[in-house]
Amino acid sequence: MTASEAPGAALAAGPTGRIVLLTTSHRVAPGLLSWPAWQALRGADRVLCADSAHPQLPYLRDAGVEVAEAAPGARELVDYCTTAPGRTAVVLTSADGESALTDGLARLAGSGRERMPDLELLPGAYDLPGARLLDLVQVMDRIRVECPWSGARTSEELVKYGIEEAYELVEAIEQGDREALREELGDVLLQVVFHARIAQEDPDEPFSIDEVAGGIVDKLIRRHPHIFGEEAAETAEDVREHWLRTKAAEKRRDSVTDGVPLGQPALALAAKLASRARTAGLEVPVPEGPEGEDVGYELLALAVRAAGQGIEPETALRAAARTYRDAIRAAEVARRGGE
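Within every chain, residues take consecutive numbers counted from 1 along the sequence as written. Two thresholds apply to this predicted model, a pLDDT of at least 70 for residue-level local features and 80 or more for giving and counting side-chain atom pairs, whereas whole-chain, interface and lining totals are computed over all residues. No hydrogens and no water enter the side-chain calculation; it runs on all heavy atoms of the structure.

## So, the confidence of the model for the protein
Residue-level pLDDT values for the protein average 87, and 94% of them are 70 or greater. Scored below 50 in pLDDT, residues 1-12 makes 15 contacts in the model with residues more than four places away or belonging to other chains. Every residue carries a pLDDT, the predictor's confidence in it, which falls somewhere between 0 and 100. By definition in these notes, contact holds between two residues if any of their heavy atoms fall within 4.5 Å.

Given below as structure tokens:
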């Protein structure tokens, strides 16, 4: 509902003008405004902006839009648009959203005693998906420079936090906790941005978050030739074959075991080795351990068997461990009840 349709509209006889509050996003390159925004700017009788450092100003002036650097009050704008028929004033808002101005306009409109122009909030630029990632990069830059703790950290010192955050993410997924999942994904993302920010400062081989993102984008495109290239894939197995074939050509490894991190949890390591052997078409029997040391080999055999059945042994054992934990808690409750 416009101001002229509000209670007390009888005060507004004839054209009363228009006030447009034009909002923009600092995450979108200056000058990239919507067509309605450009129409409003070019058709305005007056364009105002209180922020002399507003990033849009140079682009508006280059486009021939005259902008007055002024902080208009609500009373001033209303009088300007109502003293002459059909006047339009566009206010380019600053980062704080011109809260004082909007509050003042709301008070005047709500009084029912004012002859009000039409009031319009016009988004001039919309954030693209992923735009908040730019905020994260900027915040991390500032923290790295100004925080005594974060500014002194090395990637080696952050390793334990990366491992912890990955496990907390896994737990959130397995528990089906959506709020925890959102939070833990953020914590894992922070680790990526933190390490990339540290890498920028390397004196010999620096790289940035943009190179990290660019690298994974290029990899995804290469490994999905059925989407970005000429190959076809009808099934998930076709996709997997494309991925493995492209990956093998990229890595040029001497052994199918190359690239398998030995520092990962033992069950996951065993399953990964079994998967690599199976993919390569190798039939490798599980070795038998020396007498008295057979428990590890028995666990290895279980992990290989699970992997062959399409079961993630690490996930399966965690699920069983949670059931075991619940049984322990139940036993504790039962014991306290009997005391």
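## Quick look at the packing of aromatic side chains
Here a Phe, Tyr or Trp ring, Trp counted by its six-membered ring, pairs with any other such ring whose centre lies within 6.5 Å, and the pair is stacked when the planes are under 30 degrees apart, edge-to-face when over 60, and tilted otherwise. All told, the structure shown has 1 aromatic pair when counted by the stated rule. Here W149 and Y161 contribute two aromatic rings whose centre-to-centre distance is 6.2 Å and whose plane-to-plane angle is 80 degrees, an arrangement assigned as edge-to-face. Separated by 12 residues along the polypeptide, W149 in the loop between helix 5 (132-146) and helix 6 (155-175) and Y161 in helix 6 bring together distant segments of the chain. The exposure class assigned to W149 is partly exposed, which follows from its relative accessible area of 42%. Only protein chains enter the calculation, and the probe is 1.4 Å; a residue is then buried if its accessible area is under 20% of its type maximum, exposed if over 50%, and partly exposed in between. Look at Y161 and you get partly exposed, because its relative accessible area is 27%. Geometrically, a lysine NZ or arginine CZ counts as sitting over a ring once it is within 6 Å of the ring centre and also within 35 degrees of the ring normal. The cationic tip of R87 hangs over the ring face of Y80; the distance from NZ or CZ to the ring centre is 4.4 Å. Secondary structure follows DSSP: runs of H or I at least 4 residues long count as helices, runs of E at least 2 residues long count as strands, and numbering of each begins at the N terminus.

## So, the nonpolar core
For the purposes of this section, nonpolar cores are sets of buried Ala, Val, Leu, Ile, Met, Phe, Trp, Tyr and Cys residues that join through side-chain atoms within 4.5 Å. Counting 17 residues, the largest nonpolar core has L22, L41, V47, L60, V65, V67 and V90 as the members making the most contacts within it. At the level of elements, strand 1 (18-23), helix 1 (35-43), strand 2 (46-49), helix 2 (57-62) and strand 4 (88-92) are the ones that each hand at least two residues to this core. Per element, the largest residue contribution to this core is 4 residues, and it comes from helix 1. Here L22 is in contact with A37, L41, V90, V91, L92, T93, L122, P123 and G124, once residues within four sequence places are set aside. The next biggest cluster of nonpolar side chains, apart from the first, holds 14 residues, and it includes L48, Y80, V91 and L105.

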